[in-house]
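Letter by letter, the chains look like this.
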Amino acid sequence: MKTALTIAGSDSSGGAGIQADIKTMMANGVYAMSAINALTAQNTTGVADIMNVTPAFLAKELDCVFTDIYPDAVKIGMVSEKALIRTIAETLRKYHARNVVVDPVMVATSGAKLIDDDAVETLKAELFPLADVLTPNIPETELLTGQKIVTEEDRIAAARELSERYSCAVLCKGGHSFHDADDLLYWNGKTYWFHGERIANPNTHGTGCTLSSAIASNLAKGDPLDAAIRRAKEYISGALADMLDLGAGSGPLNHGFAWQGGFME
């Protein structure tokens, strides 16, 4: 069985972060492992508190995974502290991690920045050059490039800039744009569009975590990047279309919409 590791924060409501990643990886046929860099107290209405682990503890988590069950792919979600970012980067280099998917979670759906400028600079310097693919949304792409994205040409130019700067593929997600759910991949000097229909579901908590984890799962199974993204988009569309409705705020997706079998009853 192929394996995947998620490095992210815990979401006590189960809709995003480590919990969403593990559900997604399981639903996409790989064995999921995790290294938790932060605990959050949150639900569908917001985050009440956060507590980061120490860099030394995160390093031990990662060492335990890489030295025993080596991951076929690695997904990295939000990391808010410089020291934790450096710890992750050091470990990826130490163990020659492969199929690294970095979801640079920096901007909330509301538009608020989630990490400070120093941590963003550390992400750029330490982690992005180790990625096989970055998966920023449009506000994050704007923050990383300093470019305003209005047109398709703007998005292509920004994705190209990031791809050339960090020598990796860039998937610029379109959920924050007027282009419905169309995503743009810039990879090896070429552009690929993945078209999707916007699903009228207000419960979108954890969509970014879910997409990046599905991509990592498919890469772990040996799919080329374009196929991995296409299958991941199909999965997240199904999870959204199932119209799960939990909580008083923006609720989670149904990561298990396609699970079958007697144990589900």
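Residues numbered from 1 in each chain as written. Predicted model: local features only at pLDDT ≥ 70, side-chain atom pairs only at ≥ 80, totals over all residues. Heavy atoms only, no water.

**Quick notes on the pairing of strand 1 (residues 3-11)**
Thought 1: Within strand 1, 9 of the 9 residues are buried, which leaves it mostly tucked inside the rest of the structure.
Thought 2: In terms of strand pairing, strand 1 meets strand 2 (residues 31-43) through 9 bridges, oriented parallel. Bridged to Asp11 within strand 2 is Thr40.
Thought 3: One ladder, built from 4 bridges, connects strand 1 with strand 4 (residues 73-76); its direction is parallel. Across the sheet, Leu5 pairs through a bridge with Val74, a residue of strand 4. (Buried < 20%, exposed > 50% of the residue type's maximum accessible area, 1.4 Å probe, protein only. Helix = DSSP H or I, 4+ residues; strand = E, 2+ residues; numbered from the N terminus. Pairing = 2+ DSSP bridges.)

**Details of unusual backbone geometry**
Thought 1: Phi angles above zero are rare outside glycine, and Asn99 is one such case at about 50°.
Thought 2: Examined against the element boundaries, Asn99 turns out to sit in the loop between helix 3 (82-94) and strand 5 (100-102).
Thought 3: Its identity as a non-glycine residue notwithstanding, Asn188 has a phi of 55°, on the positive side.
Thought 4: Assignment of secondary structure puts Asn188 in the loop between strand 8 (183-187) and strand 9 (190-194).

**Points about the pattern of salt bridges**
Thought 1: Under the criterion given, the structure shown has 10 salt bridges.
Thought 2: Linking Asp103 and Lys173 is a salt bridge whose minimum nitrogen-to-oxygen distance equals 3.4 Å. On the criterion of sequence distance, the pair formed by Asp103 in the loop between strand 5 and helix 4 (117-127) and Lys173 in the loop between strand 7 (169-172) and strand 8 is long-range, its members being 70 residues apart. For the residue pair Asp103 and Lys173, the accessibility class agrees, reading buried in each case.
Thought 3: Of the charged contacts, one joins Asp223 and Arg231 as a salt bridge, the two residues approaching to 2.8 Å between their closest N and O atoms. (Salt bridge = Lys/Arg side-chain N within 4 Å of Asp/Glu carboxyl O.)

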